[in-house]
Amino acid sequence: MILYQAPRGTSDILPHDQAYWRYIEETVADICRLYGYQRIDTPVFEDSGLFVRSIGEDTDIVEKEMYSFNDHGGDLLTLRPEGTAPVCRAYLEHGMHNLPQPVRLYYITPIFRYERPQAGRFRQHWQFGFEGLGSSDPALDAEVIEMACVLYRRLGLRDTVLKLNSIGCRNCRPQYLKCLEEYYSKKIDLLCPDCKRRLERNTLRLLDCKQESCMPLTEQAPKSSDSLCAECQDHFDFLKKYLVIFDLEFDLDHRLVRGLDYYTRTVFEIQPLGEKGAQTTLGGGGRYDDLMEEIGGRPTPGVGFATGIERMILNIKRQGIVVPPLPQPTTFVAFLGQEAKDKAVGYVAQMRREGIGAILASGNRSLKAQLRHANALGATSAIIIGEDELRDGMIVWRDMTRSEQQRLSFEDALKRLKK
RNA sequence: GUGAGUGUGGCCAAGCGGUUAAGGCGCCAGGUUGUGGCCCUGGAGAUCGAGGGUUCGAAUCCCUUCACUCACCCCA
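Thresholds applied
- Residues numbered from 1 in each chain as written.
- Chains lettered and ligands numbered in written order.
- Predicted model: local features only at pLDDT ≥ 70, side-chain atom pairs only at ≥ 80, totals over all residues.
- Heavy atoms only, no water.
- Helix = DSSP H or I, 4+ residues; strand = E, 2+ residues; numbered from the N terminus.
- Rg over C-alpha atoms; globule rule 2.2 N^0.38 Å.
- Buried < 20%, exposed > 50% of the residue type's maximum accessible area, 1.4 Å probe, protein only.
- Contact = heavy atoms within 4.5 Å.
- Areas by Shrake-Rupley, 256 points an atom, 1.4 Å probe, with all protein chains shown as cover.
- Lys, Arg positive; Asp, Glu negative; His and termini not counted.
- Charge placed at Lys NZ, Arg CZ, Asp CG, Glu CD.
- Salt bridge = Lys/Arg side-chain N within 4 Å of Asp/Glu carboxyl O.
- Pairing = 2+ DSSP bridges.
- Axes fitted to C-alpha atoms, helices over the stretch in contact; angles between N-to-C directions.
- Domains from an automatic or database assignment.
- Phe/Tyr/Trp six-rings, centres within 6.5 Å; stacked < 30°, edge-to-face > 60°.
- Left-handed = near helix turned anticlockwise from the far one by under 90°.
- Nonpolar A, V, L, I, M, F, W, Y, C, P; charged D, E, K, R; others polar.

Enquirer: Sorry if this is basic, but what is going on with the overall build of chain A here?
Expert: Broken down by element type, chain A carries 15 helices and 16 strands. Over its C-alpha atoms chain A spans a radius of gyration of 28 Å, topping by over 25% the 22 Å that the globule rule assigns to 419 residues. If you line up chain A on its principal axes, its C-alpha atoms span 95 × 50 × 50 Å. Counting every position in chain A, which comprises 419 residues, the buried fraction comes to 49%. Across chain A, the fraction of contacts at a sequence separation of at least 24, relative to all contacts at a separation of at least 6, is 70%. Accessible area of chain A: about 21600 Å², with a carbon and sulfur share of 49%. Charged side chains in chain A number 55 positive and 59 negative. The centres of these two groups are separated by 5 Å.

Enquirer: Is there a simple way to think about the pattern of salt bridges in this case?
Expert: Between side chains of opposite charge, a pair can form when the charged atoms approach closely. Overall, the coordinates contain 23 salt bridges when judged by the stated rule. Residue Arg-39 is joined to Asp-41 by a salt bridge in which the shortest nitrogen-to-oxygen separation is 3.0 Å. Judged by relative accessible area, Asp-41 falls into the exposed class, the value being 53%. Arg-391 serves as the salt-bridge partner of Asp-388, at 3.5 Å between the closest nitrogen and oxygen. Taken together, the residues Asp-388 and Arg-391, both in helix α14 (residues 387–392) and three residues apart, mark about one turn of the helix.

Enquirer: Teacher, can you tell me more about the sheet that holds strand β15 (residues 395–399) here?
Expert: Pairing between sheet strands relies on hydrogen bonds along the backbone, with the strands arranged either parallel or antiparallel. Taken together, the five strands give an open sheet; going across it, the order is β13-β12-β14-β15-β16, and neighbouring strands pair in mixed fashion. Pairing within the sheet leaves two strands with one partner each, and these edge strands are β13 (358–360) and β16 (404–408). Each adjacent strand pair in this sheet contributes to an overall mean axis angle of 25°, direction not counted. One ladder, built from three bridges, connects strand β12 (residues 331–335) with β13; its direction is parallel.

Enquirer: Explain the sheet that holds strand β6 (residues 124–133) to me, please; I cannot follow it from the model alone.
Expert: The eight strands are arranged β1-β5-β6-β11-β10-β9-β7-β8 in an open sheet whose pairing can be described as mixed. Of all strands in the sheet, those with a lone pairing partner are β1 (38–39) and β8 (251–252), marking the two edges. In this fold helix α9 (residues 230–245) packs onto β7 (160–166), β8, β9 (264–272) and β10 (283–287), with an angle of close to 160° to the strand it touches most, β7.

Enquirer: It is not clear to me how the environment of Glu-219 should be interpreted in this structure. Could you clarify?
Expert: Among the secondary structure elements, Glu-219 is positioned in helix α8 (residues 215–220). Overall, Glu-219 belongs to the partly exposed group, its relative accessible area being 45%. Sequence spacing of Glu-219 and Ile-167 is 52 residues, and the spatial spacing of their C-alpha atoms is 16 Å.

Enquirer: Help me understand the domain arrangement of chain A, please; the structure alone is not making it clear to me.
Expert: How big an interface is tends to be reported as the loss of accessible area on association of its parts. When the domains of chain A are assigned, the result is domain 1 (15–172 + 228–318) and domain 2 (331–418). Using only C-alpha atoms to locate each centre, domain 1 and domain 2 end up separated by 50 Å.

Enquirer: Is there a simple way to explain the packing of aromatic side chains in this structure?
Expert: Geometry of an aromatic ring pair is reported as the spacing of the ring centres plus the angle between the planes. Per the counting criterion, the structure on display carries 14 aromatic pairs. Considering the side-chain rings of Phe-130 and Phe-305, the 5.4 Å spacing of their centres and the 45° angle between planes classify their relative orientation as tilted. Of this pair, Phe-130 sits in strand β6 while Phe-305 sits in strand β11 (residues 302–308), and the two are 175 residues apart along the sequence. Members of the aromatic cluster, joined through ring pairs, are Tyr-37, Tyr-106, Phe-128, Phe-130, Tyr-152, Phe-268 and Phe-305.

Enquirer: Please clarify how the packing of helix α1 (residues 18–35) against helix α5 (residues 138–155) should be interpreted in this entry.
Expert: Each pair of packed helices can be summarised by the angle the axes make with each other and by the distance between the axes. Running from amino to carboxyl end, α1 crosses α5 at an angle of 145°, the nearest separation of the two axes being 10 Å. Where α1 crosses over α5, the two elements pack in a sense that is right-handed. Side by side, α1 and α5 meet where Tyr-23, Ile-24, Thr-27, Val-28, Asp-30, Ile-31, Cys-32, Leu-34 and Tyr-35 of the first sit next to Glu-143, Glu-146, Met-147, Val-150, Leu-151, Arg-154 and Leu-155 of the second. Residue composition of the contact of α1 with α5, grouped by class: 11 nonpolar, one polar and four charged.

Put into structure tokens, the structure is as follows:
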């Protein structure tokens, strides 16, 4: 029996899957270049307080999903459970308000949440996300949303839906929450146990309940988008206008509230069409105008988006999208006998010095075995050194795809390989 | 945290109480003297997830435990 395996909810990304990762990383980097977003990398762990304050005490993440620990100095630290707060922390810490605003940043990083794993859900997963910081212009919201949609389109992911909502700001939301509370209090006997608790602690999340019994209630519930203050209404109207200009279709969903407390005004999610189950969200985000203040900075608005890389790959595979293959090793070097092996060792070193990928046969196996190996590796060509070649100062250069070969000097073979 | 399903060599998988636990993929080696991809032959590799119990006898039955998978909650 094997003594150790990857911890629950984590997995190894094996070579045969790397092509998917590179495909996404390259697409992401290209889009970010196109939209002027610059990469930022923040530590894997942060002060626990950063997450507690920004995400919210009464969220699932803070209540039961954080990987927190005391280090040897007694600091309470937490493995990053989401990407936005660290970026905001870095913005404040490095005085980025002195840069031209808005500051556009992106990250690609592992995320840790203690959850029960299932399809498309892990304890460690990767997220790609980007944030526009220092502007409350609804055009920035639109840009972020459009950029997210373009990402999926570029990856080849079709059949996605964009869900959109506005949950107001600290001026208009309290009043809305009061309405909501009143509405649900009257129906308290009909609520599921979870919702009774939500009514006490996190009213907004009542809308999120998927229980059969609560569904009809949420349908009738007051909508946040009907209670927006003038500024929020304006913001939302402009956003929708820009989305139309971008030619983006969106579904207004008054039940969309998101699971993090820091959102204000805009919230959105992108989901694959036709996938059932609740964990299929590809990505989501929104505006968080109070977050910087909450973690001790000057008031700084922001809007962002994050998407799960494993979920993108899951959908890429489901939709049968073919990703570009990783470059294969080019030339395999086979030999017969120790003397030839000595020569081969020198040759591969020289090849690599000149930028030509080379793999030396292992051990002292039969030529048949060596070529079988070359074939299995997908080598496009092979160099063979036997006794005759050693004697004549030549090598055999074999084209593995065409099954043709000829004798050349090593130097001539090098020239060919460089082309 | 709750519910369901599954655990047999690296992977897939038969076997469901009785002698040395099929088969396929993969790996290794051969098929005459220095040559791959197809084919043929052979080989290595399994304390049948772990622990306990029932039995003359268990991979096969029972209990416990662990892991994995899927679903719920919630999220990416």
